[in-house]
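The residues making up each chain are set out below.
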Amino acid sequence: MNFMILKRIVLMILLPSSLLGFSATSNPAAERYSLSGTIKDEANGEVLIGVSVFVRELKIGVNSNTYGFYSLSIPKGKYTVDFSYIGYQTISQTIDLSGSTQLNLELKPATNEMKEVVITSRRKDNNITSNTMGVNQLSINTIRKVPALMGEVDLLKAVQMLPGVISAGEGTSSFSVRGGGVDQNLIVLDEATVYNASHLMGFFSVFNNDAIKNMTLYKGDIPATYEGRLSSLLDVQMKDGNSKKFAGSGGIGLISSRLTLEGPIGSDKTSYIVSARRTYADMFLKLSSDKDVKDNTLYFYDLNAKISHRFDDNNRLFISGYLGQDVFKNKDAGFSFGNSTFTTRWNHLFSPKMFSNFSLNYSNYNYDLESTPENGTGIQWKYFMKDVSFKADFSWYITPENTLKFGYNSTLHNLKPGNVSFTNATTAYEDYNLPDINAFEHALYLSDEAKISDNLSAKVGLRLTGFSSIGKGTVYNFDEDYNVIDSTVYRAGKVIKTYYRLSPRLGLNYRINEQSSLKASYARTYQFLQMASNSTAGTPLDLWFTSGKNVKPQSCDQFALGYFRNFADNKLEGSVELFYKKMENTIDFKDHADLLLNPKLEGQLRFGHSRAYGAEFLLQKNEGKLTGWISYTYSRTERTIYGVNNDKNYLAPYDRPHTFYIVGNYDLSERVSIGANFIYCTGQPITYPIGRMEVGGIVVPIYSDRNEYRMPDYHRMDVSLTLKPKAKPKRKWYGEWNFSIYNLYGHKNPWAINFVNDSDNPNTTKAEMTYLFRFVPSATYNFKF
Amino acid sequence: MRLYKYIYIALASLAFVSCTEDIDIKLDSIAPELVVDGVINTDTTTHTIYLKETADYFSNKAAEVISGATVTLSDGTSSITLTENSDKKGAYETPSNYFGVVGKTYTLTISNVDINADGVKEEFQATSTIPTKYQVDKISVNKERSFGSDRWLVNVWMQDPPDERNYYLIKAYRNDSLVTDSIQLWGIASDEIFKGYYLDNVRMISLEDIPSQRLKNNDKVTLEVSGISEDYMYFINDVILEYWGRNPLFGGQPANVRTNIQQTVPEGEEQTAHGYFSAYSTARASTVYTEEE
């Protein structure tokens, strides 16, 4: 690296405006014109995300953005431009650029007959050239190749098998990224936050993949456009709806069924998509002869809907929403939980170089527990939280070597942590309401991605967030021993406490040669909203709370270094990524914390710091008969919290040193394909008893320091078989069968280990292990028309 | 009542289908430590303080008792020495006419012991103040069927003292013998939602359909309602949480049950005593259970 390049990096960090007119390859004086447009799928009109647009003669390129838009500002001249994307046929277009040109394109999906033609990836060497690391992007086509469980491939089940990601446990869709907590992942669906993405039992997430187009997981290098969670961003985009013809797809299975309908409304300027899914485990309960079991209700449903409208080449509008609920009920009790989101987005092109998106989003998460005994007081406990936010995002494609992104967003949070009401009470109990929690946050960000020389590109970002805890609300004041002194009640709108935080981001990509590159990144992130959950698995009974007078924002500094190498003409992608995270204001809970319905929740918190580090190895094959990936991750995470474990360092619950995933799909023939996953993960840290005492007539354990021991290792294998129909041209109805078995060899993976008094023998204690799913089969018929 | 919180834990877990089996785990061990289990209340009777030792987790026998210790009890003005029961070693008793007084602070001192067998005598201390005594006006017992089985609900009529935070310990007797004999069967509550209210036919405890608890026609039922300190209530809560075990959905991290026993001699030693010494006030009311047709 010579001095010129170093000087350019320094200038770029200090003076973003000096980037204007930055050009590494061509004569700055030549006149530049814009080549821009939107890239779509020819079959259904869906915009394609991350299509590589490469200008051969200049050896430069860009990728299409989330809305399928690309923009290149290049000098006048004749060029050959390659448009390539995984699973689609590449189009090479010759253009004679003599003025601002709009070039919209539709790519044809690659079919099996076209095997001889080079089937390219989203630019075969995208993982080498892109300036993002710690990211895994999975298009719906890649996700569909992961073995299906319960008949459909679940998005979060696929995420849980990526390097650096660990499932939080059997029976939940929650996950931990690079040693972080389950509440440190920001999950967004069309830009609205989803707080709890799990359905009952954890086999299904709230994402119905018939309605999903793309999913990207950012594990380290979280873009400056988002903030608010320390460990990851999972960005999920819904399909826009087939704008060419009416189409449908769905599946009928043992446990659940789903249906999706999409199509144009009027012309191809407007399209819609509606997806619904419901499980019916309770149908089987109705067959039971036991009256108590018969009356049980157990189901969940999801509903996704979206309308997209293109006013003209410069304006598009999207309105989308999601609604879902899990319900369990019997005649004595019931509980239900669910999310809903609603977003309205407007894409506007100020010029071929300036793309903007404005959105208004709403999301809520709620749950409800009730006890309805025949005689006696009934109790109902409700929890509700909602976000309303506004976002304005701009992308300025200054030159192909330089893209500037900036924007503003603001969010209003409102949480109602608990409302308990009584029915049939003989004493007139008042409703017990925990005070509301309200907060307002807004942020400005700026981020620039630039190519500094032939081999070096860099990314710099800065985000300024202001987070205020506001009224109405009640804040308890504590002394140094966390005893309540008094409380202060704030009226609506009054600011209780504000935090301003600056989050810088930096990334460098050094291209060693055609097949390999070296990347480095640094990101500082903050988290202002976290979960008060004493459990290690995500539970539907999540309690969120915000930073404020008693709680400082959590912070994380993440350093990452990676080496990326492609083999066999880009058919195999390999990478090694090392990461180190240093976190401050880490939150944990005191021993035997009382979190349920506790308005003085903040007195149960204890604070300290933590760190995580590790290495991720990945080998991925995206083309050919055999596709899939193998990954190994070494990951450690520990923390020191004042007031817990006698202030001594201890392993965090997500310290799982060795994780090994094999995910594969093999096309045996045109009609038959088989898939398998194998997962191996070191056991979770656990606290064991090292002694016992007798009080009050029972034996009580005496424990070691926290998390000194480990549960047995977790491993399982799933398999699936897909039978496709004979390939017939002009086929109207396409149906395939999918059979799967979850946990094929039935390994008893411990979900919990408890030490209990043996009820048969006094004085005797024993260890018990609870495990969940073994040999779970499923059969589903999936169709498309 | 705090009790309802546990209802939610139970019913939400119903949604899960799981299997539980015994497993074999090798555990580490520690040298024996002091365990104090002692209560003084306002009844005029013999009050007992039990001193035991800790043991290995899978020792699977009754705990070793600590014999020959000097145990004294002071009420702030005068002090008595408890007598070890010659038939029941490790049980240190007050005279049978001893009673606790509301408002007084009692200090328990244990000396003349060498638990860690290092040749140096140790001394331990704990204090507890007796809270307000409740007045129970009357109780009733009714049978109910829910979650598929019979239960007997014991309801109370009493006034929660206004102007102060009150904590309750609830036990039940059937024909004058204690039904809720082990700590996980005790009821605990705090008056957060009913401070200052008159509790009108409010359920305090329920008896299950098991041999030690079920009721027959004409059984005498006594409800014992004691005023306890907040810390003692949390101690009982900690023990109950540890008793029931935990599942990953709701349980927190395992943690040691709290204690109010402090080691005072030698000074500066790591605090290793366990258990609780509590002084509280007790009130009772009885009724005869009549089975409805």
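Keep in mind the model is a prediction, meaning the values are calculated, not measured.

Q: How do you make sense of the overall build of chain A when you look at a structure like this?
A: Looking only at helices and strands, one finds 6 helices and 51 strands in chain A. For chain A, the residues scored as buried account for 62% of the 785 residues in total. Sequence-distant contacts, at least 24 apart, represent 65% of the contacts inside chain A between residues at least 6 apart.

Q: Looking at this model, I keep getting lost on the nonpolar core. Mind explaining?
A: Nonpolar side chains tend to gather and get buried jointly when the protein is soluble and globular. If you look at the biggest cluster of nonpolar residues, it comprises 64 residues, and the most contacted ones within it are B:M158, B:Y168 and B:L223. The greatest single-element share of this core, amounting to 5 residues, is contributed by strand β15 (residues 198-208) of chain B. When sequence neighbours within four positions are dropped, the list of residues in contact with B:L223 reads B:I139, B:V154, B:V156, B:I170, B:K171, B:M204, B:I205, B:A283, B:R284 and B:A285. Core analysis: the second largest hydrophobic core is formed by 44 residues, A:A158, A:Y661, A:V663 and A:W751 among them.

Q: Is there a simple way to explain the pairing of strand β39 (residues 626-641) of chain A in this structure?
A: The side chains of a regular strand alternate between the sheet's two faces. Residues and elements named next belong to chain A. With 14 bridges connecting them, strand β38 (residues 605-621) and β39 associate as antiparallel partners. Counterpart to G608 in the pairing with β39 is I641. Connecting β38 to the next strand, β39, in antiparallel fashion are 4 residues, including G624 with a positive phi near 95°. Strand direction decides the pairing type here: β39 and strand β40 (residues 650-651), joined by 2 bridges, are antiparallel. Within the sheet, the bridge partner assigned to R639 lies in β40 and is Y650.

Q: Please clarify how helix α2 (residues 230-244) of chain B should be interpreted in this entry.
A: Along an α-helix, a turn takes 3.6 residues, which lines up residues three or four apart on a common side. In a regular helix each residue adds 1.5 Å, so 15 residues correspond to 21 Å; α2(B) covers 21 Å between its end C-alpha atoms and thus fits that length. Listing the buried residues of α2(B) in full gives B:Y232, B:M233, B:F235, B:I236, B:N237, B:D238, B:V239, B:I240, B:E242 and B:Y243.

Q: Explain the packing of aromatic side chains to me, please; I cannot follow it from the model alone.
A: Describing an aromatic ring pair means giving the distance of the ring centres and the angle of the ring planes. Counting across every chain of the model gives 37 aromatic pairs over all chains. An angle of 0° between the planes, with centres 4.3 Å apart, marks the rings of B:Y134 and B:Y168 as stacked. Taken together, the residues span a long stretch of sequence, with B:Y134 in the loop between β9 (122-129) and β10 (136-146) and B:Y168 in strand β12 (residues 167-174) at a distance of 34 residues. Across this residue pair, the class does not change: B:Y134 and B:Y168 are buried. A connected cluster of aromatic rings, assembled from ring pairs, spans A:F246, A:W733, A:W737, A:F739, A:Y781, A:F783 and A:F785. Directly above the ring of A:Y299 sits A:R278, whose terminal nitrogen or CZ lies 4.1 Å from the centroid. Here the guanidinium or amino end of A:K784 rests over the ring plane of A:Y734, the centre of that ring lying 5.2 Å away.

Q: What is the right way to read the environment of A:I187 from this model?
A: Residues and elements named next belong to chain A. Looking at the element boundaries, I187 is found in strand β14 (residues 185-189). With relative accessibility at 8%, the residue I187 sits in the buried group. Separated by 109 residues in sequence, I187 and N296 place their C-alpha atoms 32 Å apart. Residues contacting I187, with those up to four places away along its chain left out, are F175, A192, T193, V194, A197, F207 and L234.

Q: What is the right way to read the sheet that holds strand β2 (residues 52-55) of chain A from this model?
A: What holds strands together in a sheet is hydrogen bonding between their backbones, with the strands either parallel or antiparallel. Residue and element names in this part refer to chain A. Overall, antiparallel pairing links the 4 strands, which are arranged β3-β2-β5-β7 in an open sheet. On the outer flanks of this sheet lie β3 (60-63) and β7 (91-97), each paired with one strand and no other. Averaged over all pairs of adjacent strands, the angle between their axes in this sheet comes to 20°, without regard to strand direction. For β2 and strand β5 (residues 77-84), the ladder comprises 4 bridges, and the chain directions are antiparallel. Among the inter-strand pairings, V53 is bridged to a residue of β5, identified as F83.

Q: Explain the pattern of salt bridges to me, please; I cannot follow it from the model alone.
A: Two side chains with opposite charge may pair up if their charged atoms get near one another. All names here are of chain A. In total, this model carries 51 salt bridges over all chains according to the counting rule given. D588 is the partner of R639 in a salt bridge, and the nearest nitrogen-oxygen pair spans 2.9 Å. With a gap of 51 residues between them, R639 in strand β39 and D588 in strand β37 (residues 572-589) connect regions that are remote in the sequence. Taking relative accessible area as the criterion, D588 reaches 7% and is therefore assigned buried.

Q: Can you walk me through the environment of B:A283 in this structure?
A: Residue and element names in this part refer to chain B. Take A283: it is sitting in strand β18 (residues 274-288). A relative accessible area of 7% places A283 in the buried class. Considering only alpha carbons, one finds A283 and L178, 105 residues apart in sequence, at a separation of 15 Å.

Calculation notes
- Residues numbered from 1 in each chain as written.
- Chains lettered and ligands numbered in written order.
- Predicted model: local features only at pLDDT ≥ 70, side-chain atom pairs only at ≥ 80, totals over all residues.
- Heavy atoms only, no water.
- Helix = DSSP H or I, 4+ residues; strand = E, 2+ residues; numbered from the N terminus.
- Buried < 20%, exposed > 50% of the residue type's maximum accessible area, 1.4 Å probe, protein only.
- Contact = heavy atoms within 4.5 Å.
- Core = buried A, V, L, I, M, F, W, Y, C linked by side-chain atoms within 4.5 Å.
- Pairing = 2+ DSSP bridges.
- Expected span 1.5 Å × (residues − 1).
- Phe/Tyr/Trp six-rings, centres within 6.5 Å; stacked < 30°, edge-to-face > 60°.
- Lys NZ or Arg CZ within 6 Å of the ring centre and 35° of its normal.
- Axes fitted to C-alpha atoms, helices over the stretch in contact; angles between N-to-C directions.
- Salt bridge = Lys/Arg side-chain N within 4 Å of Asp/Glu carboxyl O.

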